[in-house]
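# Structural description and commentary
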Amino acid sequence: MPTYDDRDDAARQLLQALPPLAGEDVVVLALPRGGVPIGAVIAEALDAPLDLILVRKVGAPRNRELAIGAVTGSGDAGLVVNTPVARLFGMTRADVDALAASERTELERRRRAYLGDKAPVPVTGRTVVLVDDGIATGTTLRAALASLRQMKPRRVILAVPVASADVLDTLQAEVDMLICPEPHLHFGAVGGAYRRFDQVPDDEVIRLMRNAALRQRKAHEPRD
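Throughout what follows, the structure given in this document is the object of discussion. (Residues numbered from 1 in each chain as written. Predicted model: local features only at pLDDT ≥ 70, side-chain atom pairs only at ≥ 80, totals over all residues. Heavy atoms only, no water.)

Within this structure, the stated rule accounts for two aromatic pairs. Seen in terms of ring centroids, Tyr4 and Tyr194 are 5.5 Å apart; in terms of plane orientation they differ by 40°. Their pairing is tilted. Within this pair, whereas Tyr4 is found in the segment before helix 1 (7–17), its partner Tyr194 is found in the loop between strand 8 (177–179) and helix 8 (202–219), the two being separated by 190 residues in sequence. One aromatic cluster in this structure is built from Tyr4, Tyr194 and Phe197. One cation-aromatic arrangement involves Arg7 over Phe197; the distance from NZ or CZ to the ring centre is 4.4 Å. (Phe/Tyr/Trp six-rings, centres within 6.5 Å; stacked < 30°, edge-to-face > 60°. Helix = DSSP H or I, 4+ residues; strand = E, 2+ residues; numbered from the N terminus. Lys NZ or Arg CZ within 6 Å of the ring centre and 35° of its normal.)

Okay, structure coming up:
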């Protein structure tokens, strides 16, 4: 039986599970594309800025759904390797890096499409609520967290509607708080926890990000 009607329902349930954050300097970071509708609801409810943390899964040979790594940017520092999967396929870090070339290209396309020339929201010294619509292998989330740690937030709250219990155990030590109302994958897939789990198109991500930016500008406009 699915736990959530859709991503909006999942966002509302995550909001109920979040700790009190009044008085904290909060930033909501979402993983595109599926995490953005959830992040938009949470950011609006918290009156917090919404930004993206861009990560691309690197699929294994002959099984693109299986994450052999993930990229957050160019260079070796932007690559996270799923070592057990890489060993299974007999691949070195250099092999995974070569496989990641097309994903780095897509990462840059998404950065330009979603954010244009918008500067990233600063997170140093702030409370970050990191959201996605679910976690399967955890490789993408680990890459996002590695990138996020370099930005030196005050604390990180990872909030996801559904995930594998085994993966949650491995992520627990990497965040200050982990919130996951449904710690079991239905039928082995994130989408099994949702009644409606449509793909989120690029134009929806762009619309949500523009709306969030407009909301923040209006909230900080000087009043007569």
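A separate point is the pairing of strand 3 (residues 56–60). Strand 3 sits mainly inside the fold: four of its five residues count as buried. The sheet contact formed by strand 3 and strand 4 (residues 63–71) spans five bridges and is antiparallel. Among the inter-strand pairings, Gly59 is bridged to a residue of strand 4, identified as Ala67. Hairpin remark: strand 3 followed by strand 4, antiparallel, with two residues in the connecting loop; positive phi at Arg62, about 65°. (Buried < 20%, exposed > 50% of the residue type's maximum accessible area, 1.4 Å probe, protein only. Pairing = 2+ DSSP bridges.)

Next up on the list: the side chain of Asn82. On the secondary structure map, Asn82 appears in the loop between strand 5 (79–81) and helix 3 (83–88). Residues within four places of Asn82 in sequence aside, it is in contact with Ala67, Ile68, Gly69 and Thr139. (Contact = heavy atoms within 4.5 Å.)

Moving on: the sheet that holds strand 4. The antiparallel open sheet is built from three strands, whose spatial order is 3-4-5. The open sheet has two free edges, formed respectively by strand 3 and strand 5, since each of these has just one partner strand. The sheet shows a mean angle of 50° between the axes of neighbouring strands, direction not considered. The strands touched by helix 5 (residues 101–115) are strand 3, strand 4 and strand 5; relative to strand 3, the strand with the most contacts, the crossing angle is about 155°. Along the sheet face, helix 6 (residues 139–149) touches strand 3, strand 4 and strand 5 and points at about 10° away from the line of strand 4. (Axes fitted to C-alpha atoms, helices over the stretch in contact; angles between N-to-C directions.)

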